Amino acid sequence: MKWIAVDYGERRTGLAVCDATELIVTPITPQIEEKSLNKVAQAATDALRAQGAQGIVVGLPRNMDGTEGARCTKSRRFAAKLAQVSGMPVALWDERRTTVSAAGILSGNNTFGADRKARIDSVSAAVILESFLNWRRAHPGQDAPETVCPVQE
């Protein structure tokens, strides 16, 4: 099954997608450079449809001690909006340290400056998606621990 991951941010939102076998994860560039939650949800839905993905994962930026702060609240609100706009359930996935991992990946590829800024959030989305897919392989047939479903009107 193809999945798309979203690393929702205040100014930039990164996207990544996997292949149907759930083995190969690819960052999607360019990133979404938009502040409006509604516009980001629509752009992510457009990317979801263009990629032919059947599942959505949104990073949940918990604090290092596992508690939830203001960024978590915003990400939960975004996930709910994305579920409504896309009409699909959205899995929420712990994204602690993904930006650090993404920065390490980009440094290892000698990607710095403007190139790094243009890719960091999409690479972070790829790290989120890889973590989620690893969990799926270890827990076959189980639903994600936390999912937001579209509200039936």
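Residues numbered from 1 in each chain as written. Predicted model: local features only at pLDDT ≥ 70, side-chain atom pairs only at ≥ 80, totals over all residues. Heavy atoms only, no water.

Caption draft 1: Local environment of the overall build of the chain. Broken down by element type, the chain carries 4 helices and 6 strands. When its helices and strands are written in sequence order, the chain yields β-β-β-α-β-α-β-α-α-β. In the chain, which comprises 153 residues, the share counted as buried stands at 44%. Within the chain, contacts between residues separated by at least 24 positions form 67% of all contacts whose residues are at least 6 apart in sequence. A total of about 7900 Å² of accessible surface is found on the chain, and carbon and sulfur atoms cover 51% of it. (Helix = DSSP H or I, 4+ residues; strand = E, 2+ residues; numbered from the N terminus. Buried < 20%, exposed > 50% of the residue type's maximum accessible area, 1.4 Å probe, protein only. Contact = heavy atoms within 4.5 Å. Areas by Shrake-Rupley, 256 points an atom, 1.4 Å probe, with all protein chains shown as cover.)

Caption draft 2: Highlighting helix α2 (residues 70-86). Its 17 residues place the ends of α2 24 Å apart at the C-alpha level, agreeing with the 24 Å of an ideal helix rising 1.5 Å per residue. C72, S75, F78, A79, L82, A83 and S86 are the residues of α2 that are buried. The buried residues of α2 all sit within an arc of 140 degrees when viewed along its axis, so they share a single face. Those residues of α2 hidden inside the fold are in contact with β1 (3-7), α1 (37-51), β4 (55-60), β5 (90-94) and β6 (147-148). One or two positions beyond α2, positive phi appears at G87, with a value near 75 degrees. (Expected span 1.5 Å × (residues − 1). Arc of directions from axis to C-beta.)

Caption draft 3: Quick peek at the sheet that holds β1. Reading across from one edge, β3-β2-β1-β4-β5-β6 is the order of the 6 strands in this open sheet, with mixed pairing throughout. Strands at the two margins of the open sheet, each flanked by one partner only, are β3 (25-33) and β6. Its contacts with the sheet put α2 on β1, β4, β5 and β6, and the angle it makes with β4 is roughly 165 degrees. (Pairing = 2+ DSSP bridges. Axes fitted to C-alpha atoms, helices over the stretch in contact; angles between N-to-C directions.)

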